[in-house]
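# What the coordinates show
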Amino acid sequence: MKTNNKTVDLQSNPDASVVEREWEAYFSNEGKTIFQQALMFHRRVFISRAVQYWFGRYFPEHGVFIEAGAGTSESSGRIISKGRCLIAVDISSFVLCAWNILNLKVQADIVRLPIAVGKVDGVWNLGVMEHFADAQVVEILTEFRRILKPNGRILLFWPPWYAPYELILNSITWIARTWLGKSLSFFPAEINQFDSKFRIQRLMNAAGLELEACHFSVRDIWSYVVVVGGLSSVCK
């Protein structure tokens, strides 16, 4: 790994190339449409402040922290990095090189992170977990558990189906499909939106993690449920 905005390719899963191409196609429109520009504004003005708050509340002021499935990292732009090593990990080298704002970047599959056991103080991401089925979520969470230090935490910004923006966008896609006969998609498939604290708790327990808290608040204009977890007492 290298600093100074260099990207290191440590991807180890050949099947991940399909997913990588899907995300590259999505981010190739970054900032080109009114919707994408609105998203960028939303991330920079509102979401980034929420990330800064929750990051400061649950993560220590020093240590190594991984944004797993980083994308552009625009929402992480307000995190105070003094004393913290912030690393963006994403499956797409294109996104990391063209758009990601963090200094240290690693191309890798978040199911197979190129990090030794117990070396990370925290893992966070935004809008990632909803793109995976339950079995994959458990696999990802298990990998997060593997790299966490005994007192490490994970911080997942997981969009719920009842978020106001989700309800609005779903209404638009329904109108386009029903009235206009057009297929409209704003994001890659969100097959696993947050719906229940108890279901997320079961997924975490299956990965050897404990659910500490869930927050749904005005800080991000009710865009995400902030899921906080750590190693279970059995795994410490």
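Computed from a prediction, not measured in an experiment: that's the story for all the values here. Throughout, residues of each chain are indexed from 1 in the direction in which the sequence is written. pLDDT decides what is reported in this predicted model: residues at 70 or higher carry local features, side-chain atom pairs at 80 or more are listed and counted, and totals for whole chains, interfaces and linings draw on all residues regardless. To get the side-chain values, take all heavy atoms of the structure and skip hydrogens and water.

### Observations regarding the overall build of the chain
Assigned secondary structure in the chain consists of 6 helices and 8 strands. Helix and strand assignments follow DSSP, with helices taken as H or I runs no shorter than four residues and strands as E runs no shorter than two, numbered in order from the N terminus. Taken from N to C terminus, the helices and strands of the chain fall in the order β-α-α-β-β-α-β-β-α-β-α-α-β-β. Note on classification: 1.4 Å probe, protein chains only; a residue is buried when its accessible area is under 20% of the maximum for its type, exposed when over 50%, partly exposed between these limits. In the chain, which comprises 236 residues, the proportion classed as buried is 49%. Only heavy atoms matter for contacts: two residues are in contact if any of them lie within 4.5 Å across the pair. Pairs at least 24 apart in sequence give 69% of the contacts found in the chain among residues at least 6 apart. Throughout, the Shrake-Rupley method with a 1.4 Å probe supplies accessible areas, and for residues the shown protein chains are the sole cover considered. Within the structure as shown, the chain displays about 11600 Å² of accessible surface, and the carbon and sulfur contribution to it stands at 57%.

### Points about the packing of aromatic side chains
Ring pairs are drawn from Phe, Tyr and Trp, using the six-membered ring of Trp, whenever the two centres fall within 6.5 Å, and their geometry is named by plane angle: stacked under 30 degrees, edge-to-face over 60, tilted for the rest. Under the criterion given, the structure shown has 11 aromatic pairs. Plain terms: the ring middles of Phe55 and Phe59 are 4.7 Å apart, the flat faces sit at 85° to each other, and that makes the pair edge-to-face. In this pair, the class of Phe55 matches that of Phe59, namely buried. Aromatic rings pair up to connect Phe55, Phe59, Phe65 and Trp124 into one cluster.

### Structural notes on the side chain of Ser76
Structurally, the position occupied by Ser76 is in the loop between strand 2 (63-68) and strand 3 (84-90). Note on Ser76: relative accessible area 2%, which makes it buried. Any pair of N or O atoms that falls within 3.5 Å is considered a polar contact. Within protein, one atom must be able to donate a hydrogen and the other to accept it, and sequence-neighbouring residues count only if both atoms are side-chain atoms. For Ser76, the side chain forms a polar contact with the side chain of Glu67, separated by 3.2 Å. Once residues lying within four places of it in the same chain are set aside, the contact partners of Ser76 are Val51, Glu67, Trp124 and Leu126.

### Describing the pattern of salt bridges
Where charged atoms from two side chains of opposite charge come close, those side chains can pair. Every case where a carboxyl oxygen of Asp or Glu lies within 4 Å of a side-chain nitrogen of Lys or Arg is listed as a salt bridge. Counted by the stated rule, this structure contains 8 salt bridges. One salt bridge in this structure joins Glu74 and Arg43, with 2.7 Å as the shortest N-O distance. Residue Glu74 is located in the loop between strand 2 and strand 3, and its partner Arg43 is located in helix 2 (residues 34-58); the two are separated by 31 residues in the primary sequence. The class of Glu74 is buried, set by a relative accessible area of 9%. Exposure remark for Arg43: the relative accessible area of 15% places this residue in the buried category. For Lys149, the salt bridge identified is with Asp121, shortest N-O distance 3.3 Å. Here Lys149, found in strand 6 (residues 148-158), pairs with Asp121, found in strand 5 (residues 120-126); they are 28 residues apart in sequence, far enough to count as distant. Look at Lys149 and you get partly exposed, because its relative accessible area is 32%.

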